[in-house]
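# Overview (structure and organization)
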Amino acid sequence: QVQLVESGGGLVQPGGSLRLSCAASGSILSINQMGWYRQAPGKQRELVAQITTNGSTNYTDSLKGRFTISRDNAKKMVYLQMNSLKPEDTAVYYCNARIRNSRNWRSDDYWGQGTQVTVSS
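Described below are features of the structure shown in this document. Everything numeric here is computed off the predicted structure, so don't read it as measured data.

Procedures and definitions
- Residues numbered from 1 in each chain as written.
- Predicted model: local features only at pLDDT ≥ 70, side-chain atom pairs only at ≥ 80, totals over all residues.
- Heavy atoms only, no water.
- Helix = DSSP H or I, 4+ residues; strand = E, 2+ residues; numbered from the N terminus.
- Buried < 20%, exposed > 50% of the residue type's maximum accessible area, 1.4 Å probe, protein only.
- Contact = heavy atoms within 4.5 Å.
- Pairing = 2+ DSSP bridges.
- Phe/Tyr/Trp six-rings, centres within 6.5 Å; stacked < 30°, edge-to-face > 60°.
- Lys NZ or Arg CZ within 6 Å of the ring centre and 35° of its normal.
- Core = buried A, V, L, I, M, F, W, Y, C linked by side-chain atoms within 4.5 Å.

## Examining unusual backbone geometry
In this structure, Ser84 is a non-glycine residue whose phi angle is positive, near 50°. Among the secondary structure elements, Ser84 is positioned in the loop between β8 (77–82) and β9 (91–101). The exposure class assigned to Ser84 is partly exposed, which follows from its relative accessible area of 41%. One non-glycine residue, Trp105, adopts positive backbone phi at about 65°. Among the structural elements, Trp105 can be located in the loop between β9 and β10 (107–111).

Written out as structure tokens, the structure reads:
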């Protein structure tokens, strides 16, 4: 069994910062790409940022410069530093990772349960 667990969400004022964390655990042989997605009320889930094993990153253009994704391969964790937050950043943020399962050697996409980020004064 593989799990992704996010933490770090909460309520923040406009202009503030938050750092999200996601920990992968379980029957993990290897972790390939990791990323963050978000889903606002009434909207489809959208990509925020992705990072490969060697640290190459990809961001949604509108978030470049405010959000930074990073990972710690040894700890099996991925992070999202969010600065200059705006009310339109309010959403549930989901961690995603492509993981090769050590039990069956299958590579699948896994998702966390999501963490709420609310930007409001």
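## Here's the deal with the environment of Cys95
Secondary-structure assignment places Cys95 in strand β9. The buried category is assigned to Cys95, whose relative accessible area is 0%. Sequence separation between Cys95 and Thr115 is 20 residues, and the spatial gap between their C-alpha atoms is 8.9 Å. In this structure, Cys95 is in contact with Leu4, Glu6, Cys22, Gly35, Trp36, Val78, Tyr110, Trp111 and Gly112, ignoring residues within four places of it in sequence.

## Observations regarding the pairing of strand β4 (residues 28–39)
Direction of pairing for β4 relative to β9: antiparallel, over a ladder of nine bridges. Looking at the pairing, Arg38 lines up with Tyr93 of β9. The sheet contact formed by β4 and strand β5 (residues 46–51) spans five bridges and is antiparallel. Bridging from a neighbouring strand, Trp36 pairs with Ala49 of β5. The antiparallel hairpin formed by β4 and β5 contains six residues in its connecting segment, where Gly42 sits at a positive phi of about 75°.

## Side note on the packing of aromatic side chains
Here the structure, examined in full by the defined rule, presents one aromatic pair. Its end group placed over the ring of Tyr79, Arg19 keeps NZ or CZ at 4.1 Å from the ring centre. Arg45 extends its terminal NZ or CZ atom over the ring of Trp111, reaching a point 4.7 Å from the ring centre.

## A few points about the pairing of β8
In terms of burial, β8 is largely enclosed, as five of its six residues are buried. Examined bridge by bridge, strand β3 (residues 18–26) and β8 share six bridges and lie antiparallel to one another. The partner of Cys22 across the bridge, within β8, is Val78. Note that strand β7 (residues 67–72) and β8 share six bridges and pair antiparallel. Its bridge partner being in β8, Asp72 is matched across the sheet by Met77. Connecting β7 to the next strand, β8, in antiparallel fashion are four residues, including Lys76 with a positive phi near 60°.

## Focus on the nonpolar core
The biggest cluster of nonpolar side chains holds 31 residues, and the ones touching the most others in it are Trp36, Leu80, Met82, Tyr93 and Ile99. Per-element tally for this core: the top contributor is β9, with five residues. Sequence-distant contacts of Tyr93, defined by excluding residues within four places in its chain, comprise Glu6, Leu20, Trp36, Tyr37, Arg38, Val48, Phe67, Leu80, Met82, Gly114, Thr115 and Val117.

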